[in-house]
Amino acid sequence: MAVKPTTETDVLIVGAGPTGLLLAGDLAAAGVGVTVLEKRAAESNLTRAFAVHARSLELLDARGLADELIATGRPLGALKLFDRLGIDLGSLPTRFPFVLITPQYNVERLLLERAEKAGATLVRGAEVTGLRQDADGVTLETADGRAFRAGYAVGTDGVHSAVRDLLGIPFPGESVVDSVVLADVRLEREPAGAITVGANEAGFAFIAPFGDGWYRVIAWDRNERFEDGTSPSPEQLTALLGGILDEDYGLHDVRWSSTFHSDERQVPNYRSGRVFLAGDAAHCHSPAGGQGMNTGMQDAANLSWKLAAAVRGRATDALLDTYQTERHPVGKTVLRTSGALIRLALAESAPTRALRGALTALGGHLDLVTERGARLVSGIEFSYPAPKGAHPQVGKRVPDLRLTALSKPAEGAPAAPERLYEALRAGTFVLVSNDELVAAEPWADRMVSAAPADPHGKLRDTVLLIRPDGYVAWAGVDPGQGELRTALTSWLGAV
């Protein structure tokens, strides 16, 4: 098949799931040309993910989407794991001290609307089969003979990533559990909670509502194995729920069912030249804790502003390398956390079952289910490496600070943001200081400046430069003008 004329843009993204769509929206909002290549010819109504955790909601808040998404689901202040063991999220230091239960397609819908409104192009039916890169860019070829060229490309195309395979990047790891059953069903009796989770010696089961009368069932039976891709019958599904949850809820009307195996895998490098991997293309793990979709969206939020800076010529290659140094350790921790949870839930050996029983009896007084465990699963625990000698806040996530204007806005000007995550909606850095800083004026068009609402609080003498993803880039106590100019030049580029 003859290759058609090449379509050119700034960044190519392969895969239109939550990770790719968040990345596309960020880049397009920053004025970067972006095209998303999606293998599927039509939007899928199937979903595996249902949990949107606090850190992801913060990132969506920074894009003006959190409240709309919350309206589609049900917030839960605790995440049940098995038996009486769970993770209490109600005390998390965030505007969103809960996990939101909503189908993945609701997340994708909002992110797609935002991306297309900002100017991103989505090309459906584009199966990537070829990849070439050189010193100036990347060329992707599709099965139907089209070619696309960009300065950078990002593979967000899932566990079976074509981009990863074309790069020849290994995906080491192992299968954690096989023969996991998925099904969309109707129930005669509505479960009491937003989600239903249970585990015993027979296996584990999970039920979550779509909100339209249908429910997603995920289950695993220790004593019954199915080949990947097979469709369990309604009778088998009923037996699964009854044997694990002691209640089948009058299961009927199965519209779809299948089976799959769950792996723990992570690529050694998230970057290969001008090509990056994010989301499930870079790491995959068990569904325990509901962290998969969330980790991918957080990958995208970390990478998007760095790519935008590179396209504008305001970033060195070293900044792009920080995507690996910052996000690879997070992915590794998520694999470890979700792996510990799923192994406790499966509990095949007597010692592991005894440990699970001990944890349950303790009522959650160990690290995995304590406050730190909640922060890990929710995503707000993670921070990034800071240079030696840096201020202690550098690399840390910033909570939703109350802000006020440094000076009275001009008549007719938009109101100053009252919260940090409102200020971050500009897609730029945010400089927080009690004083107007003359040295920062040359960068005024590249950042938002604001003051802490409490001038006598913890930040009274501290200046924070906050990255577009909500982490501290630089901080100083009563910094001199030269120190501030050096920091702004380093992060925002020369003026």
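That block above? That's the structure.
Which residues make up the overall build of the chain, and what values do they have?
Of regular secondary structure, the chain possesses twelve helices and 26 strands. In terms of overall size, the chain behaves like a compact globule, its C-alpha atoms giving a radius of gyration of 24 Å where 495 residues would be expected to give roughly 23 Å. Dimensions of the chain, computed from the C-alpha atoms along their principal axes, are close to 70 × 65 × 45 Å. Considering the chain as a whole, with its 495 residues, one finds that 55% of them fall into the buried category. Across the chain, every contact between residues at least 6 apart in sequence was considered, and the portion connecting residues at least 24 apart equals 71%. Each charge sign in the chain was given a centre, from 50 positive and 61 negative side chains, and these centres are 3 Å apart.

Provide a residue-level description of the pattern of salt bridges, including the pertinent values.
Counted under the stated rule, the structure contains 31 salt bridges. A salt bridge links Arg114 to Asp26, with the shortest nitrogen-to-oxygen separation between them at 2.8 Å. Taken together, the residues span a long stretch of sequence, with Arg114 in helix H4 (residues 104–118) and Asp26 in helix H1 (residues 18–29) at a distance of 88 residues. Residue classification places Asp26 among the buried residues on the basis of a relative accessible area of 11%. Notably, a salt bridge pairs Arg419 with Asp400, separated by 2.4 Å at the nearest N-O pair. Here Asp400 lies in the loop between helix H10 (371–378) and strand E22 (403–404) and Arg419 lies in the loop between E22 and helix H11 (420–423), a separation of 19 residues in the sequence. You can call Arg419 buried: its relative accessible area is 8%. In this structure, a network of salt bridges that share partners links the residues Asp61, Asp67, Arg95, Asp400, Arg419, Glu422 and Arg425.

Tell me what's going on with unusual backbone geometry, and back it up with residues and numbers.
Its identity is not glycine, yet Ser179 carries a phi of approximately 60°, on the positive side. Considering the arrangement of structural elements, one finds Ser179 in strand E14 (residues 173–187). With a phi close to 55°, Tyr249 is a non-glycine residue in the positive phi region.

I'd like to hear about the nonpolar core, residue by residue, with values.
Formed by 67 residues in total, the largest nonpolar core has its most connected members in Leu27, Leu57, Leu60, Leu140 and Leu307. It is helix H7 (residues 292–311) that contributes the most residues to this core, eight residues altogether. What Leu57 contacts, discounting residues up to four positions off in sequence, is Val52, Ala66, Leu69, Ile70, Phe96, Phe98 and Leu100.

Talk me through the sheet that holds strand E20 (residues 275–277); I want residue IDs and the actual numbers.
Note: strands within a sheet are paired through backbone hydrogen bonds, in either parallel or antiparallel orientation. The six strands lie next to each other as E9-E3-E2-E13-E20-E19, forming an open sheet whose pairing is mixed. Strands at the two margins of the open sheet, each flanked by one partner only, are strand E9 (121–124) and strand E19 (271–272). As paired elements, strand E3 (residues 34–38) and E9 share four bridges and run parallel to each other. Within the sheet, the bridge partner assigned to Thr35 lies in E9 and is Thr121. Against the sheet, H1 contacts strand E2 (11–14), E3 and strand E13 (152–155), and its axis sits at roughly 165° relative to E2. Its contacts with the sheet put H7 on E2, E13 and E20, and the angle it makes with E13 is roughly 165°.

Rules of the game
- Residues numbered from 1 in each chain as written.
- Predicted model: local features only at pLDDT ≥ 70, side-chain atom pairs only at ≥ 80, totals over all residues.
- Heavy atoms only, no water.
- Helix = DSSP H or I, 4+ residues; strand = E, 2+ residues; numbered from the N terminus.
- Rg over C-alpha atoms; globule rule 2.2 N^0.38 Å.
- Buried < 20%, exposed > 50% of the residue type's maximum accessible area, 1.4 Å probe, protein only.
- Contact = heavy atoms within 4.5 Å.
- Lys, Arg positive; Asp, Glu negative; His and termini not counted.
- Charge placed at Lys NZ, Arg CZ, Asp CG, Glu CD.
- Salt bridge = Lys/Arg side-chain N within 4 Å of Asp/Glu carboxyl O.
- Core = buried A, V, L, I, M, F, W, Y, C linked by side-chain atoms within 4.5 Å.
- Pairing = 2+ DSSP bridges.
- Axes fitted to C-alpha atoms, helices over the stretch in contact; angles between N-to-C directions.

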